[in-house]
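Residue strings, one per chain:
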Amino acid sequence: MFDIVINLLLLTSAFNSARSKYLSFAINGIIATAFAIFIMVWAQKILTAGETAVIFSLEPIFAGIFSHIMAVEFLGVSQWIGGILVVLAVIYYSKSVKN
């Protein structure tokens, strides 16, 4: 999507030019990284450490869901179980620390 926006801003007609690809990768990397860090810092101010750990531990689950939606990769049963075990371990630990 950024490739199209950059090409429209630069008024280039070749959507597959190397210059526009590298520029769109750079802009996407900078904007996406800055946005992700901004959201992460903002959320950590609001949530407790345990809640933040649980949310961050959901990464393997979200990665599996998004890869399945995008039909890029299909995870096996053992991979789903592993992701769920990671999430359950973090939830268990965050509950035991509170008590």
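The residue numbering used here restarts from 1 in each chain and proceeds along that chain's sequence as written. In keeping with the model being predicted, local features are shown solely for residues with a pLDDT of at least 70 and side-chain atom pairs are shown and tallied solely at 80 or more, while totals for entire chains, interfaces and linings include all residues. To obtain the side-chain values, all non-hydrogen atoms of the structure were included, while hydrogens and water were left out.

1. What about the overall build of the chain?
Counting from the N terminus, the helices are the DSSP runs of H or I reaching at least four residues and the strands are the DSSP runs of E reaching at least two. Each helix and strand counted, the chain has five helices and zero strands in total. In the chain, the succession of α and β elements from N to C terminus is α-α-α-α-α. Out of the 99 residues belonging to the chain, those deemed buried represent 14%. Here, two residues are considered to be in contact whenever any of their heavy atoms come within 4.5 Å of each other. In the chain, of all internal contacts separated by at least 6 residues, the share reaching a separation of at least 24 is 32%. When the accessible area of the chain is evaluated, it comes to approximately 7800 Å², of which 75% is carbon and sulfur surface. The classification of residues rests on relative accessible area computed with a 1.4 Å probe and restricted to protein chains. Under 20% of the type maximum is buried, over 50% is exposed, and intermediate values are partly exposed. Residue-level accessible areas treat just the shown protein chains as cover; the underlying method is Shrake-Rupley with a 1.4 Å probe.

2. Overview of the packing of aromatic side chains
Two aromatic rings, drawn from Phe, Tyr or Trp (for Trp, its six-membered ring), form a pair once their centres lie within 6.5 Å of each other, and the interplanar angle then sorts them: stacked below 30 degrees, edge-to-face above 60, tilted otherwise. Within this structure, the stated rule accounts for one aromatic pair. Considering the side-chain rings of F62 and F66, the 6.4 Å spacing of their centres and the 25° angle between planes classify their relative orientation as stacked. Taken together, the positions of F62 and F66, both in helix α4 (residues 59-69) and four residues apart, correspond to about one turn of that helix.

3. Describing a nonpolar patch on the surface
What makes a patch is a set of residues exposed beyond 30% relative accessible area and free of salt bridges, joined within 9 Å when like-charged and within 5 Å when nonpolar (Val, Leu, Ile, Met, Phe, Trp, Tyr). One speaks of a salt bridge when a side-chain nitrogen belonging to Lys or Arg is within 4 Å of a carboxyl oxygen belonging to Asp or Glu. Residues F62, I65, F66, I69, M70 and V72 make up a contiguous nonpolar surface patch of about 650 Å² in total accessible area. You can call F62 partly exposed: its relative accessible area is 42%.

4. Comments concerning the confidence of the model for the chain
With 77% of its residues at a pLDDT of 70 or more, the chain has an overall mean of 77. Scored from 0 to 100, pLDDT reflects the predictor's confidence in each residue. When pLDDT is averaged over each helix and strand of the chain, the minimum, 62, is found for helix α1 (residues 2-10) and the maximum, 82, for α4.

5. Notes on the side chain of S67
One can find S67 in helix α4. When near neighbours in sequence (up to four residues on either side) are disregarded, S67 contacts V72 and E73.

6. Let's talk about the side chain of T52
With respect to the secondary-structure elements, T52 resides in helix α3 (residues 49-57). Looking at T52, the relative accessible area reads 10%, which means it is buried. Polar contacts involving the side chain of T52 include one to the main-chain carbonyl oxygen of T48, which spans 2.8 Å. Residues in contact with T52, not counting those within four places in the same chain, are Q44 and L47. Throughout this description, a polar contact denotes any pair of N or O atoms lying within 3.5 Å of each other; where both atoms belong to protein, one of them has to be capable of donating a hydrogen while the other can accept it, and for residues adjacent in sequence the pair is counted only when both atoms sit in side chains.

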